[in-house]
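Here's the letter readout for the chains.
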Amino acid sequence: MSFYWIKTNSLIKKIFQNYIWEIPNVENKIYLTFDDGPTPEITEWVLQELQKHNAKATFFCIGKNIEKHPDIFLKVIANNHSIGNHTFNHLNGWKTSTEEYLKNTKLCEYSISNLKSKISNLQSKLFRPPYGKIKPSQSKKLQKLGYKIIMWDVLSADFDGTISPEKCLENVLNNVKSGSIIVFHDSTKAFQNLEYTLPKTLEILSERGFVFEKID
């Protein structure tokens, strides 16, 4: 398993200040995000859990999954959550040319806007690089196109099959603060941890007075 930070190192945030790592506020707002969907059954389960707590979230979708499951994608929008671009094929930016990376991102953008236009004319300009790996040349060009690069403050590590669901929950509860952007995955790989962690996260953090908002 590759090394990763549960709580993003403050030095990293300073070095890459042009990325959004957190959204500071005094209203106890936090930002749940879900990567890699839409996924049959799992994304719909996530929507049900969020609804129980009147919670809003942001879904960073893979273009090919949008194309496969447009009905689920439209449910996310209909439930008034935010949508973000996660490339069409979940590309690792460090291993991809800037030209190919931009082309793949634009393919995902087309998938999003093509379906989103059925409900609204708003375009999604939120972008999260898969694996958090993106070259400076790629991010600069995406930002020139109007994209906000959304990273994270807290990683639940639900994707890590070597940790327990209890540890996944601990990762979130011990590191969250007002303004935190938290990463979950509405994917098959992560569901064993997510199924346990998400309901408890929503319940416990609601009791602590946190408000779950989407990223605009």
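Preceding this paragraph is the structure being described.
Bear in mind that the values here come from a model prediction, so they are computed numbers and not experimental data.

### Let's talk about the packing of helix 2 (residues 42–52) against helix 8 (residues 191–207)
Reasoning step 1: In the contact formed by helix 2 and helix 8, the axes pass within 10 Å of each other and the chain directions differ by 10°. The angle between helix 2 and helix 8 places the two elements in the roughly parallel class. Residues Ile42, Trp45, Val46, Glu49 and Leu50 of helix 2 form the contact with helix 8, whose participating residues are Phe191, Leu194, Glu195, Leu198, Pro199 and Leu202.
Reasoning step 2: Here the residues of the contact of helix 2 with helix 8 sort into 9 nonpolar, no polar and 2 charged.

### Points about unusual backbone geometry
Reasoning step 1: A cis amide bond, omega 0°, links Gly37 with the succeeding residue Pro38.
Reasoning step 2: With respect to the secondary-structure elements, Pro38 resides in the loop between strand 1 (29–35) and helix 2.
Reasoning step 3: The backbone phi angle of Glu41 is positive, close to 70°, even though this residue is not glycine.
Reasoning step 4: Even without glycine at this site, His90 takes up a positive phi of about 55°.
Reasoning step 5: Here His90 shows up in the loop between strand 3 (82–85) and helix 5 (98–116).
Reasoning step 6: Looking at His90, the relative accessible area reads 18%, which means it is buried.

What counts as what
Residues numbered from 1 in each chain as written. Predicted model: local features only at pLDDT ≥ 70, side-chain atom pairs only at ≥ 80, totals over all residues. Heavy atoms only, no water. Axes fitted to C-alpha atoms, helices over the stretch in contact; angles between N-to-C directions. Helix = DSSP H or I, 4+ residues; strand = E, 2+ residues; numbered from the N terminus. Parallel < 35°, antiparallel > 145°, perpendicular 65-115°, else oblique. Contact = heavy atoms within 4.5 Å. Nonpolar A, V, L, I, M, F, W, Y, C, P; charged D, E, K, R; others polar. Buried < 20%, exposed > 50% of the residue type's maximum accessible area, 1.4 Å probe, protein only.

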